[in-house]
Amino acid sequence: MFKKIIFFIVSSLNFFFSNYTKKVFLYLAHVINQSGCGKDFVTVHFRPKYSEDVHKRESFLEEVKLPAFAIMIQGPIVLKNNFTFETIQLYRKLFGESVIIVFSSWHGELSDEKILDLESYCSVVLSEKPTNSGLHNVNYQIVSSRCGMLKAKELGAEFLIKTRSDQRFYNPATLKILHNLYMTAPNKIIELSMSSCKYRPWSLCDMFQFSKADILLDMWNIELDERKKYKINFHDESYRVRDIVSAKIAEIYVHFNHANKYGYYDVLSVDDYYSYIREKIIIIDKEVIDIFWYKYTAKEYCLVGSDFYSSEDVLSMISWGDYLLILDGCPSKKTYEYLDEYEKI
C-alpha cells in the first residue's frame, strides 16, 4: 500500500509539474543533508529515459578506428518506458552504423511488428526457452547469451559486449575505453564492480562483460544446469553466504564452470577465486561506463555494498581499487575467517 501511495504522489507530481520534479527530488535530498537528521547523506542522479535526450559529446571524442565491435543484448524485451527499444536506439546513436548490435530473446516474446521495428536498428535472434530454467533461471541466460554471441560472430564481430535487455550504459566512449583496457591485458574478460563480491567466491558480474568474441563464447559454452529449484524456493529457506556458493547459484554457476576449465575446482576456496580473477578477469567500476539498472530498486548500489560504510557487509563490492589490490596479492583475511566471524558459524 505504501509503495502505491508513493507511486501515485510521484506520478501526480510528474504529470502536473514535470519541469519541477527533478528540483523537488534535489531539494528534498539537500534538506536531508543539511538538516542534521538521520545518519546518512543522500545524493541524487538523473539519467535520460529516451535516446533523443542523450548528447553524444562528439567534440570530446576523437574519431578512432576500432576493430569489429558488437553489442549483444540478451533477455526478454522490457516494454515499460519502451526501455529495450530505446536502449538499442541509444547505442545506434552513440556508436554509429559500424557497430553490430544483436538482440537475443525468445520466440513468442515479440510481435511481428515489434520485430520489424527492432530489425531497423539491430539483428534479432529468437530462440526456444530451455524446458528447465536451472537455478535462478541461469539456463535462460546461458542459451540467450550463447545464441546472441554466435550471431554476433557470424556477422563479423571480433570484440563483444555482453549486456542485458533491462540494463543500459550511457558513456559514448565505452567502446574505446574497454578496447584500450583490454589491450593492456589481452585475453582477459572485463566485468563490472556492480555485482562482484569480495567475500562470496565466484560472484562476479556476468550481466556485463567485454572481451574478444571467442573468449566470451568459451565462458558461456558450458553445460546447462540440470537442477530444478526456483527463486521463490530460496526465499522460503534461511541461506548463509557459503550455502549460496556451495549451491553454485546463477553467476556463481557460470564463473565456477568457466574456472574449472583452467584448473580451479574448490568452490569455497578464496585462494582459487582470487587466483582466477588475477588470471582471467579485469574489474572496473560501473561508473566508468555509466550503467543503469532499475529492475529491483532505485538504489545506485543495489546488489553489493561498499565496506567503506559497513564493517559487517559480507556482500562487499570489488571496486577497481580493490581489483588492483587483488593483483598485488590481497586480501590478507581469508573468506572462511570472514564468514566464520559474521555468519556466526
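Because the structure is a prediction, the values reported are computed rather than measured. (Residues numbered from 1 in each chain as written. Predicted model: local features only at pLDDT ≥ 70, side-chain atom pairs only at ≥ 80, totals over all residues. Heavy atoms only, no water.)

**Student:** I would appreciate a short explanation of the pattern of salt bridges in the present structure.
**Tutor:** Side chains bearing opposite charge may pair, as long as their charged atoms lie close to each other. Following the criterion strictly, the structure yields 13 salt bridges and no others. With a closest N to O distance of 3.9 Å, Lys 129 and Glu 109 form a salt bridge. Of this pair, Lys 129 sits in the loop between strand S3 (123-127) and helix H5 (138-154) while Glu 109 sits in the loop between strand S2 (100-106) and helix H4 (112-119), placing them 20 residues apart in sequence. What makes Glu 109 partly exposed here is its relative accessible area of 30%. Residues Glu 154 and Lys 151 are paired through a salt bridge, measuring 3.3 Å at the closest nitrogen-oxygen approach. Placement of both Glu 154 and Lys 151 in helix H5 is noted, with a separation of three residues, approximately one turn of the helix. (Salt bridge = Lys/Arg side-chain N within 4 Å of Asp/Glu carboxyl O. Helix = DSSP H or I, 4+ residues; strand = E, 2+ residues; numbered from the N terminus. Buried < 20%, exposed > 50% of the residue type's maximum accessible area, 1.4 Å probe, protein only.)

**Student:** Where do I start with the packing of helix H11 (residues 270-280) against helix H12 (residues 320-327) in this structure?
**Tutor:** Relative placement of two packed helices is described by the angle separating their axes and the distance separating the axes. At their nearest, the axes of H11 and H12 sit 10 Å apart, and the two run at 100 degrees to each other. Our classification of the angle between H11 and H12 gives roughly perpendicular. From H11, Tyr 274, Ile 277 and Arg 278 reach across to H12, where they touch Tyr 323, Ile 326 and Leu 327. Of the residues assigned to the contact of H11 with H12, the class counts are five nonpolar, no polar and one charged. (Axes fitted to C-alpha atoms, helices over the stretch in contact; angles between N-to-C directions. Parallel < 35°, antiparallel > 145°, perpendicular 65-115°, else oblique. Contact = heavy atoms within 4.5 Å. Nonpolar A, V, L, I, M, F, W, Y, C, P; charged D, E, K, R; others polar.)

**Student:** Help me understand the packing of aromatic side chains in this model?
**Tutor:** For any pair of aromatic rings, the description rests on two quantities: the centre-to-centre distance and the angle between the ring planes. Summed over the entire model, instances satisfying the criterion amount to 20 aromatic pairs. Three or more aromatic residues joined by ring pairs make a cluster, and in this case those are Trp 202, Phe 256, Tyr 264, Tyr 273, Tyr 274 and Tyr 276. The ring of Phe 83 is capped by Arg 168, whose NZ or CZ atom sits 4.3 Å from the centre of that ring. Stacked on the ring of Tyr 262, the Lys or Arg Lys 280 has its end atom at 3.8 Å from the ring centre. (Phe/Tyr/Trp six-rings, centres within 6.5 Å; stacked < 30°, edge-to-face > 60°. Lys NZ or Arg CZ within 6 Å of the ring centre and 35° of its normal.)

**Student:** I keep staring at the pairing of strand S6 (residues 189-192) and nothing clicks. Help me out?
**Tutor:** Regular strands place side chains that alternate from one sheet face to the opposite one. The alternating pattern of S6 places Ile 189 and Glu 191 on one face and Ile 190 and Leu 192 on the opposite face, and all of these are buried. Strand direction decides the pairing type here: S6 and strand S8 (residues 281-284), joined by four bridges, are parallel. Note that in S8 the partner of Leu 192 across the bridge is Ile 284. (Pairing = 2+ DSSP bridges.)

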